[in-house]
Amino acid sequence: MARMAGRRALFAVPVLLTVTFGVFAVAAASPFDPVKAYAGTAGLTASQENLDQLRVNLGVDQPLVTRWWNWLTSALQGDFGDSSVMRQPVADVITERMGWSALLAASAFLVAILLGTGLGVLAARRPGGWLDRAVSSAAYTLEAAPAFWLGLLAIWFFALKLDVLPAGGLTDAASEVITFGQVASHLVLPAAVLGISQLPWFFLYVRQGVTDALAEDPVRGARARGLSERTVLLGHALRSGMLPMLTLIGSRVPELITGALLVETVFSWPGIAAATVQAATSVDFSLLAALTVLATAAVLLGNLLSDLLYGLADPRVAFDG
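All values derive from a computational prediction rather than experimental measurement. (Residues numbered from 1 in each chain as written. Predicted model: local features only at pLDDT ≥ 70, side-chain atom pairs only at ≥ 80, totals over all residues. Heavy atoms only, no water.)

We now examine the layout of surface pockets. Approximately 580 Å³ is the volume attributed to the largest pocket. As for the largest pocket, its lining consists of 26 residues, of which Met98, Ala105, Val253, Ile257 and Ala298 are closest to the centre. Among the elements of the structure, α5 (90–125), α12 (253–266) and α14 (285–313) are those that each provide at least two residues to the lining of the largest pocket. Broken down by element, the lining of the largest pocket gets its largest block of residues, ten residues, from α14. For the lining of the largest pocket, a count of residues per class yields 21 nonpolar, four polar and one charged. (1 Å grid on protein atoms, 1.4 Å probe; cavity = no way out; pocket = protein on both sides within 12 Å on 5 of 7 lines; lining within 4 Å. Points joined across faces, edges and corners; volume = space filled by probe spheres on them. Helix = DSSP H or I, 4+ residues; strand = E, 2+ residues; numbered from the N terminus. Nonpolar A, V, L, I, M, F, W, Y, C, P; charged D, E, K, R; others polar.)

Take the pattern of salt bridges next. Under the definition given, this model contains two salt bridges. As a salt-bridge pair, glutamate 96 and arginine 97 come within 3.4 Å of each other at their nearest N and O atoms. The class of glutamate 96 is partly exposed, set by a relative accessible area of 45%. Accessibility expressed as a relative area gives 17% for arginine 97, which makes it buried. The salt bridge involving aspartate 132 is made with arginine 207; its shortest N-O contact spans 2.6 Å. Of this pair, aspartate 132 sits in helix α6 (residues 130–143) while arginine 207 sits in helix α8 (residues 180–214), and the two are 75 residues apart along the sequence. (Salt bridge = Lys/Arg side-chain N within 4 Å of Asp/Glu carboxyl O. Buried < 20%, exposed > 50% of the residue type's maximum accessible area, 1.4 Å probe, protein only.)

Along the chain, the position of alanine 123 falls in helix α5. Judged by relative accessible area, which is 1%, alanine 123 ranks as buried. Note: C-alpha distance between alanine 123 and glutamine 208 (85 residues apart in sequence) is 9.3 Å. Residues within four places of alanine 123 in sequence aside, it is in contact with Leu131, Asp132, Phe203 and Arg207. (Contact = heavy atoms within 4.5 Å.)

Our next topic: unusual backbone geometry. Notably, aspartate 163 is not glycine yet its phi reads approximately 55°, a positive angle. Within the chain, serine 268 stands out as a residue other than glycine whose phi angle is a positive 55°. Its place among the elements puts serine 268 in the loop between α12 and α13 (273–281).

Formed by 44 residues in total, the largest nonpolar core has its most connected members in Leu104, Leu194, Phe202, Val210 and Val263. Every element with two or more residues in this core is listed here: α5, α7 (147–161), α8, α9 (217–224), α10 (229–241), α11 (243–251) and α12. Sort the elements by how many residues they give to this core and α8 lands first, with eleven residues. Ranked by size, the runner-up nonpolar core spans 21 residues in total, among them Trp71, Val283, Ala290 and Leu291. (Core = buried A, V, L, I, M, F, W, Y, C linked by side-chain atoms within 4.5 Å.)

Encoded structure:
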């Protein structure tokens, strides 16, 4: 296990270097001017001399490779630079928002895994039954539904029509203190929407895996020995059927990140979505690079986690082979 993790860590280095350089290259080719974005309306009346000086202060007058190398060497020392659009250190921007994004993503992942696994097992118990047909149809429909559309629909139904859940934000509008109760109530809709947007893949993988496992000889042998259906289903078929789903965890991380950006925007959740959008539209080199590294690292860790879980669940898999 340690050897595989070490190999993955070595592989991650060139990947992260390439990704960060790509961010600076794309930003340099962007038609957006970071100086005008930084100056705002004041840039409309500023002289060319002032704009040139601002360009020097922001460091965007330097060649692409120089900007990237300066950022990289500083980042390796723990200094990710200052965000030109947020007007504060990049580390502070990420620290202030990362916790809320992690809370949303973890809650959504928990919803998707638990609900998808439960429905997948129930559907696999009677393939072709009414529950299987209904949930499978809903899963295929949800696969084509954008996360932002599900979010808008949830706001219209639960917040506007029924008025049972808040439409967005982190706390109530009149509140000046963040409380657990308010955060929990405001988390319900975005976490549910993001989780449901990821649910179809978990459901379909578990359903197919458990269905195949129920037809295997060890499971049929367990039934022949007189074990209860509950023991056969949960103790034998589910463990074998969950193996394909474990590999899905890592592959869904990019989709989870993309969905989180959309859901956070729709529900005004104070995560890193707003910072990412502003950094992209304002060509904020430092913040864009840091956020991209963060997202890439999350994808790499997700893939490593899925492999580790698969190896722990299946003794036949050799970590160091």
